[in-house]
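Per-entry structural report
Residue-level listing of the chains:
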Amino acid sequence: MADMGSFRDTVTAWAAGGPGDPARELAERLSLRAAVLLEGLSDLAAVDALAAARGRNLEAEGVCVVPMGGAMNVGRFARLLGPTGLGLRLTGLCDVREHGFYVRGFERTGAARHDIHVCTADLEDELIRALGVARVTDLVRAEGDLRPLQTFLRQPAQQGRPAQQQLRRFLGTKKGRKIHYGRVLVEALAADQVPAPLEDLFAAV
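Conventions we followed
Residues numbered from 1 in each chain as written. Predicted model: local features only at pLDDT ≥ 70, side-chain atom pairs only at ≥ 80, totals over all residues. Heavy atoms only, no water. Phe/Tyr/Trp six-rings, centres within 6.5 Å; stacked < 30°, edge-to-face > 60°. Helix = DSSP H or I, 4+ residues; strand = E, 2+ residues; numbered from the N terminus. Buried < 20%, exposed > 50% of the residue type's maximum accessible area, 1.4 Å probe, protein only. Lys NZ or Arg CZ within 6 Å of the ring centre and 35° of its normal. Contact = heavy atoms within 4.5 Å. Pairing = 2+ DSSP bridges. Axes fitted to C-alpha atoms, helices over the stretch in contact; angles between N-to-C directions. Right-handed = clockwise from strand over helix to strand, strands pointing away. Core = buried A, V, L, I, M, F, W, Y, C linked by side-chain atoms within 4.5 Å.

Observations regarding the packing of aromatic side chains
In this structure the tally under the stated criterion is two aromatic pairs. For the ring pair phenylalanine 152 and phenylalanine 170, a centre distance of 5.8 Å and an interplane angle of 55° mean the geometry is tilted. Of this pair, phenylalanine 152 sits in helix H8 (residues 146-153) while phenylalanine 170 sits in helix H9 (residues 163-171); the two residues are 18 residues apart in sequence, bridging distant segments of the chain. The two residues phenylalanine 152 and phenylalanine 170 agree in class, both being buried. The ring of phenylalanine 202 is capped by arginine 54, whose NZ or CZ atom sits 5.8 Å from the centre of that ring.

Have a look at this one:
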């Protein structure tokens, strides 16, 4: 049975040099109309969580959300999925330092650069600022990660750093933690707390 996970797998294989026909066939069977290009799996977790919170079934809407394994891959995925490939409308979410990769990748395929939504630092930074340090710390405690956080904060490199930066760095210190908190932090957002880049992304699709 065709599903979005299968489509993501075929596109990833295509981008790595595999055949394109399986992706084309799945895109047609899924009636895809748009592709959201994300840097990685933590961004996917956040987008999936917000879609669920808003009662949106992106797959049913013909929107595929594709984690690319890094922003430097955006040119390849944009070429395969956008106007020069499957003909899907492209949009994306990226960190500010990766914006240039997205702009070049989109422009080379004829996609609109205004459909790129940029986080001030990265999505974790946006979510921490939206929720506030105290609320994020409470969530870390509820997830059973308070002791690892306290150990991390005692490291010399963390002394004197703003609490927001400390939390952001903590989320990236263990494999899978950013993915886990991508979901946790989004699920904790009130309707009026959704960061602008994420809000704009959903408005675009």
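Overview of the environment of leucine 93
Within the secondary structure, leucine 93 is located in strand E3 (residues 89-95). Remark: the alpha-carbon pair of leucine 93 and valine 36, spanning 57 residues in sequence, is separated by 7.6 Å. Excluding its chain neighbours within four sequence positions, the residues that come into contact with leucine 93 are Leu37, Leu38, Glu39, Tyr102, His117, Cys119, Leu123, Pro197, Leu198 and Leu201.

Side note on the sheet that holds strand E4 (residues 116-119)
The strand order across the open sheet formed by four strands is E2-E1-E3-E4, and the pairing between neighbours is parallel. Strand pairing shows two members of the sheet lacking a second neighbour, strand E2 (63-67) and E4, which therefore form its edges. Averaged over all pairs of adjacent strands, the angle between strand axes in this sheet comes to 15°, irrespective of strand direction. With five bridges joining them, strand E1 (residues 34-38) and E3 adopt parallel strand pairing. Directly across from alanine 34, in E3, lies its bridge partner arginine 89. Set on the sheet, helix H11 (residues 196-204) makes contact with E1, E3 and E4; between it and E3 the angle comes to about 175°.

Digging into the pairing of E4
Across four bridges, the pairing between E3 and E4 is parallel. Residue pairing in the sheet places glycine 92 in a bridge with isoleucine 116 of E4. What joins E3 to E4 is helix H5 (residues 99-109), and the crossover it makes is right-handed.

A look at the nonpolar core
Formed by 37 residues in total, the largest nonpolar core has its most connected members in Val47, Leu185, Val186 and Leu198. The dominant element in this core, judged by the number of residues it contributes, is helix H3 (residues 41-53), at six residues. Beyond its immediate chain neighbours, meaning those up to four positions away, leucine 198 contacts Val47, Leu50, Leu93, Leu123 and Val186. Judged by nonpolar contacts, the second largest core, of 29 residues, contains Phe7, Leu32, Tyr102 and Ala111.

Interpretation in functional terms is not warranted from these geometric data alone.
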